[in-house]
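A look at the structure
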Amino acid sequence: MLIVGNGNVITRHTDGGFIPGGAVAFDESGIQKVGETHAVRAVFPQAAFIDACGGVIMPAFINTHEHIYSAMARGMTIDGYNPQGFLDILDGLWWNIDRHLTNDLTYLSALETYAECIKNGVTTIFDHHASFGEIKDSLFAIGQAAQEMGVRSCLCYEVSDRDGAVKAKAAVLENEAWIRHAQKDSSDMVAGMMGMHAQFTISDETMALAAAHKPDGVGYHIHVAEGIEDLHDCLRKYGKRITDRLYDWNILGPKTLLGHCIYINSHEMDLIKATDTMVVHNPESNMGNACGCPPTMELVHRGILTGLGTDGYTHDMIESYKVANILHKHHLCDANAAWTEVPHMLFENNAKIAGRYFKRPLGVLKEGAAADIIVLDYIPPTGMNENNVNSHILFGMTGRNVVTTIANGKVLMQNRQFTGFDEAELMAKVREGARRLASRINGYAE
């Protein structure tokens, strides 16, 4: 039994949402008690104590759209790369990287991503992977890293025809193998989905293959209308909009997660709502790729389950919160836009999305919930209470305020020090892997 206490506890629970001088008692079976520090310690007097030193204690973050395969892109120079638009960015950078990833490099990418997640207080991710340089067992390489690092992960492989039918089939089979593996796992730390890139790189034949090999009980994770080119392709080839094509293939549904949804119309929103399909917004990526601003506020107002992700652009969910907040204010010319919608997406909807794949409650500090807890070294200069905690997070914190990260009852980082591995040793291996990847992409000797 462990107790983390002596901090301002933000529970995200309707009953007692803010506890000054609060504490959380937990073990690997979950949270056992939440309350004032003296009261919790009185119940568990023998428990080891982690002192929050007056900081903030809150549920760990959930990222509903990650890209582990992008981990080694930071600072990379690709000879001849001069993108003129979104498709050039895909083909010249991201698809170029994934065509040169082998399972050992995928594994290192996962270790680096998980380390960054832990540093930023993220303990659950939904990852969308691609490594057309080596497909078979790539999700298992990520799964091995997830187990070693202790981060809860829902994984999928990006099915696409862009490198031919043989690799498209291998991608489908990799999804199937991982999903069946995850469904047999009893840890509640891994899950799987049938991943798909985007409809513009997936033929009807591959759609049918994916449907035939998708195990029951899971949905799809797919990019939708991220660029206008995706919509134009669907209209030209199939005479219908993207969401209609997905509906016709029985892809929509409560277990399916649609990334981006920038170029969708009211009719498509009706389909998404009627099928209880999930959507994830990735503000920084959309802005960085100059793809446009999605109608996220309307999605939320319609009651569509819309979460917040990063698309691999960052691993800091508070950063994503900040950017989403100003993006929609700027786009709509409305200073009140996104004020309540974005924290609802991050703190409530991400937990609901995770709840469709993991058994124990996430994103909340209450008895019986998973012990996913973070401590931030934020001591407010102004009053903090249950009515203004989101304002304090938005304007006063970043992911790097996280000093302690606990996942599934295990302390992964305490006082900014990792507990399960040597960070310097890990990063040395990652840097060497990044060097090898860049050499492979540019045709240099490794």
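Residues numbered from 1 in each chain as written. Predicted model: local features only at pLDDT ≥ 70, side-chain atom pairs only at ≥ 80, totals over all residues. Heavy atoms only, no water.

It is worth spelling out helix H9 (residues 266–274) at this point. Buried residues of H9: Glu 268, Met 269, Leu 271 and Ile 272, and no others. In an axial view of H9, the angular spread of the buried residues amounts to 155°, which keeps them on one side of the axis. For H9, the elements touching its buried residues are helix H8 (242–248), strand S12 (257–260), strand S13 (278–281) and helix H11 (296–301). N-capping of H9 is provided by Asn 265, with a side-chain oxygen placed 3.2 Å from the backbone N of His 267. The positive-phi residue at the C-terminal boundary of H9 is Asp 276, with phi of around 60°. (Buried < 20%, exposed > 50% of the residue type's maximum accessible area, 1.4 Å probe, protein only. Helix = DSSP H or I, 4+ residues; strand = E, 2+ residues; numbered from the N terminus. Arc of directions from axis to C-beta. Contact = heavy atoms within 4.5 Å. Polar contact = N/O pair within 3.5 Å; in protein donor to acceptor, adjacent residues only side chain to side chain.)

A few words now on the pairing of strand S11 (residues 220–224). Within S11, five of the five residues are buried, which leaves it mostly tucked inside the rest of the structure. Burial of the side chains of S11 extends over both faces: Tyr 220, Ile 222 and Val 224 are buried on one face and His 221 and His 223 on the other. Two strands pair when backbone bridges link them, and strand S10 (residues 194–198) and S11 are joined in this way by four bridges, in the parallel orientation. Across the sheet, the residue bridging to Gly 195 is His 221, located in S11. Assessed by its sense of winding, the connection that carries the chain from S10 through helix H6 (residues 204–213) to S11 is right-handed. Note that S11 and S12 share four bridges and pair parallel. Each bridged residue has a counterpart across the sheet, and for Ile 222 the counterpart in S12 is Leu 258. (Pairing = 2+ DSSP bridges. Right-handed = clockwise from strand over helix to strand, strands pointing away.)

In terms of strand pairing, S12 meets S13 through three bridges, oriented parallel. Residue Leu 257 lies in a different strand from S13, and its bridge partner there is Met 278. Remark: the S12/H9/S13 crossover connection has right-handed handedness.

On to the environment of Thr 405. Relative to the helices and strands, Thr 405 is located in strand S16 (residues 402–407). For the pair Thr 405 and Phe 61, spaced 344 residues apart in the sequence, the C-alpha separation amounts to 10.0 Å. Look past the residues within four positions of Thr 405 in its chain and what remains in contact with it is Ile 118, Gly 121, Thr 123, Ile 373, Ile 374, Lys 410, Val 411, Leu 412 and Met 413.

Let us now look at the packing of helix H12 (residues 317–332) against helix H13 (residues 341–355). H13 packs onto H12 with a crossing angle of 140° between their chain directions and a minimal axis gap of 9 Å. Listed contacts from H13 to Met 317, Tyr 321, Ala 324 and Asn 325 of H12 are Val 342, Pro 343, Leu 346, Phe 347 and Asn 350. Split by residue class, the contact of H12 with H13 holds seven nonpolar, two polar and no charged. (Axes fitted to C-alpha atoms, helices over the stretch in contact; angles between N-to-C directions. Nonpolar A, V, L, I, M, F, W, Y, C, P; charged D, E, K, R; others polar.)

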